[in-house]
Amino acid sequence: MATENVNLLDPAAVASGEALGLAARMIMEGYRVGDHRSPFHGFAIEFAQHREYSMGDDVRHLDWKVLGRTDRYYIKQYQQDTNFVCHLLIDGSESMNYGGGNVTKLQYAKILSACLSYIVLHQRDAISLNMFDTEIRDQFSRTDNPGKIHDIMRKLSGFKATNETRLGKVMNDLAGQTRPRSIVVVISDLFDDEAAFQTNIERLRFQKSEVIVFHVLDKDEMEFPFTGTVKFIGLEKAGELQTSPAAIRKSYLKSFDEFRARVRRICDRTGSHYVLANTSVPIGETLSEYLAFRQNYRSR
C-alpha cells in the first residue's frame with residue numbers, strides 16, 4: 001500500500017475530509033487488486049435451508065459442497081435475506097490524541113473508519129457512524145448511498161477528542177438503538193471499564209449482532225521505550241508522574257500485556273473478532289490482513 005508515502009496521515013491532511021477520502025480510496029484500491037469477493041456481504045445473516053438453483057440466482061450462494069456430493073445445484077437460503085447495516089463506533093476520547101510517531105490513534109481510527117465506510121457502501125450495504133467519548137457526541141445516520149461518502153469524510157475529519165471514555169455506556173446505548181443481526185465495529189484503545197465492555201458485547205451478541213473490535217494502540221504504549229527521567233502527563237484527568245522509566249518498565253509492561261490479554265479473552269469468549277490496530281503498521285496492511293482472515297472464516 002503506497003498511501004503512507006504520500007503524507008496523508010499527518011494532522012493537517014487528516015483535518016481535510018477530501019484528504020481523508022483520498023487516503024481511504026488509495027488504501028482500498030490497493031486492497032481490491034486481484035480481489036473479486038465482498039469481505040462483508042451476507043456476514044450477518046444465518047443459514048436456514050437449501051433450495052434448488054433457478055436461472056438468475058446469485059451464484060455466490062451456491063453450495064459447492066452439496067454440488068460435489070450430489071451433482072445438483074442448490075442455493076443456500078438465509079434467515080434474513082437483506083443487506084446488512086454496519087455501525088461504526090469510533091472512540092473520540094482524549095486518550096486517542098496520543099501519538100508517539102507520525103500519526104495519533106485518533107487519526108488512525110478516522111482513516112480506518114473511512115476505509116470501512118468505502119467497503120460497505122461500495123457493496124451497496126448500509127453504514128452508520130457513531131463518534132463517542134462519555135456518550136455518542138456526533139453521528140452520521142444510516143445510509144446505503146455511495147454518494148454520501150464525502151459527507152462521511154467531512155464528519156470524520158471534523159471530530160475533535162476532548163473528553164473521557166465511557167465505552168460500556170455507549171455500547172449499551174447503541175444496542176438499544178440497533179436492529180438485531182447488525183455488524184458493530186468498535187474502534188478504540190479500550191481504556192475503560194472492562195466489565196462494562198464485556199457486559200455490552202454480550203448484549204450485542206445476544207441480539208445476534210456480529211462484533212468486531214479494532215484495538216487501536218500506539219507502539220509506545222506497547223513497548224514503553226522511554227529513557228532518562230520523563231514527566232508523563234496523563235490524558236482523561238489521569239494526572240502527572242515524573243519518574244525514571246527504567247524503574248517502572250517491567251511492572252508497566254506486565255500490566256499492559258495483562259490488559260490486552262483480558263480484552264482478547266472477552267472477545268474470544270463472546271465469539272467476537274479482535275484485531276490489534278498498531279498505529280506503526282500501515283492501515284492497508286492491518287485492514288487487508290483482517291479482511292483476508294474474514295473471508296477464510298466465512299468459507300469454513
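All figures in this text were calculated on a predicted structure; none of them were measured in a lab.

Can you help me understand the packing of aromatic side chains in this one?
Remark: the centre distance and the inter-plane angle together describe each pair of aromatic rings, the angle taken between the planes. One pass over the full model with this rule turns up nine aromatic pairs. The interplanar angle of 20 degrees and the centroid separation of 5.7 Å between the aromatic rings of F224 and F232 together place this pair among those described as stacked. Between Y252 and F256, the ring centres sit 5.7 Å apart and the planes meet at 20 degrees, which makes this aromatic pair stacked. Here Y252 and its partner F256 are both found in helix 9 (residues 245–269), four residues apart, which amounts to about one turn of the helix. Residue F256 is classed as buried on the basis of its relative accessible area of 7%. One aromatic cluster in this structure is built from F191, F224, F226, F232, Y252, F256 and F259.

Where do I start with the pattern of salt bridges in this structure?
Between side chains of opposite charge, a pair can form when the charged atoms approach closely. Using the criterion set out here, one finds eleven salt bridges in the structure. The partner of R264 in a salt bridge is D268, with the nearest N and O atoms 3.6 Å apart. Here R264 and its partner D268 are both found in helix 9, four residues apart, which amounts to about one turn of the helix. Looking at D268, the relative accessible area reads 47%, which means it is partly exposed. Taken together, the shared-partner salt bridges in this structure form one network comprising K105, D189 and E221.

What's the story with the layout of surface pockets in this structure? I'm lost.
Over the atoms a probe the size of a water molecule is rolled, and this reveals where empty space is left. Considering only enclosed or pocket space, the second largest pocket measures out at about 750 Å³ in volume. The wall of the second largest pocket is formed by 23 residues, among which F232, I233, G234, L235 and Y252 lie closest to the centre. The set of elements that each furnish at least two residues to the lining of the second largest pocket consists of helix 8 (219–223), strand 8 (230–233), strand 9 (240–243) and helix 9. Top element by residues in the lining of the second largest pocket is helix 9. It accounts for five residues. Of the residues contributing to the lining of the second largest pocket, the split by class is 13 nonpolar, four polar and six charged.

Is there a simple way to explain unusual backbone geometry in this structure?
Leave glycine aside and you will find that most residues have negative phi; peptide bonds, for their part, are mostly trans. One non-glycine residue, R181, lies in the positive phi region at around 65 degrees. By secondary structure assignment, the location of R181 is in the loop between helix 6 (167–177) and strand 6 (183–188). In the Ramachandran plot, L190 falls in the positive-phi region, its phi being about 65 degrees despite a non-glycine side chain. Relative to the helices and strands, L190 is located in the loop between strand 6 and helix 7 (194–206). Judged by relative accessible area, which is 4%, L190 ranks as buried.

Which parts of the structure should I look at to understand the packing of helix 7 against helix 9?
To characterise two packed helices, one gives the angle between the axes of the helices and the distance between these axes. Put simply, helix 7 and helix 9 touch, their axes get as near as 10 Å, and they point 15 degrees apart. On the basis of the axis angle, helix 7 is roughly parallel to helix 9. Along this stretch, helix 7 crosses helix 9, giving a crossing that reads as right-handed. Here E194, F197, Q198 and I201 of helix 7 lie close against helix 9, whose contacting residues are F259, R262, V263, I266 and R269. The class makeup of the residues in the contact of helix 7 with helix 9 is five nonpolar, one polar and three charged.

I tried to follow the pairing of strand 7 (residues 210–217) on my own but got confused; where do I start?
Two faces make up the sheet, and in a regular strand the side chains alternate between them. Within strand 7, eight of the eight residues are buried, which leaves it mostly tucked inside the rest of the structure. Judged by which residues are buried, strand 7 turns out to be covered on both faces: E210, I212, F214 and V216 on one side and V211, V213, H215 and L217 on the other are all buried. Relative to strand 7, strand 6 runs parallel, the two sharing six bridges. Across the sheet, residue V185 finds its bridge partner in strand 7, namely I212. Since strand 6 and strand 7 lie parallel, the crossover through helix 7 that links them has a hand, and here it is right-handed. Here strand 7 runs beside strand 10 (residues 273–278); their pairing, made up of six bridges, is parallel. For F214, the partnering residue across the bridge sits in strand 10 and is V275.

It is not clear to me how empty space enclosed by the protein should be interpreted in this structure. Could you clarify?
Evaluation of the coordinates by the stated rule reveals one cavity of 30 Å³ or more. One number sums up the size of the largest cavity: a volume of about 40 Å³. Lining the largest cavity, in full, are L167, L190, D192, D193, E194, F197, F259 and V263. Counting residues per element, the ones that place at least two in the lining of the largest cavity are helix 7 and helix 9. Its residues assigned to classes, the lining of the largest cavity shows five nonpolar, no polar and three charged.

Conventions we followed
- Residues numbered from 1 in each chain as written.
- Predicted model: local features only at pLDDT ≥ 70, side-chain atom pairs only at ≥ 80, totals over all residues.
- Heavy atoms only, no water.
- Phe/Tyr/Trp six-rings, centres within 6.5 Å; stacked < 30°, edge-to-face > 60°.
- Helix = DSSP H or I, 4+ residues; strand = E, 2+ residues; numbered from the N terminus.
- Buried < 20%, exposed > 50% of the residue type's maximum accessible area, 1.4 Å probe, protein only.
- Salt bridge = Lys/Arg side-chain N within 4 Å of Asp/Glu carboxyl O.
- 1 Å grid on protein atoms, 1.4 Å probe; cavity = no way out; pocket = protein on both sides within 12 Å on 5 of 7 lines; lining within 4 Å.
- Points joined across faces, edges and corners; volume = space filled by probe spheres on them.
- Nonpolar A, V, L, I, M, F, W, Y, C, P; charged D, E, K, R; others polar.
- Axes fitted to C-alpha atoms, helices over the stretch in contact; angles between N-to-C directions.
- Parallel < 35°, antiparallel > 145°, perpendicular 65-115°, else oblique.
- Left-handed = near helix turned anticlockwise from the far one by under 90°.
- Contact = heavy atoms within 4.5 Å.
- Pairing = 2+ DSSP bridges.
- Right-handed = clockwise from strand over helix to strand, strands pointing away.

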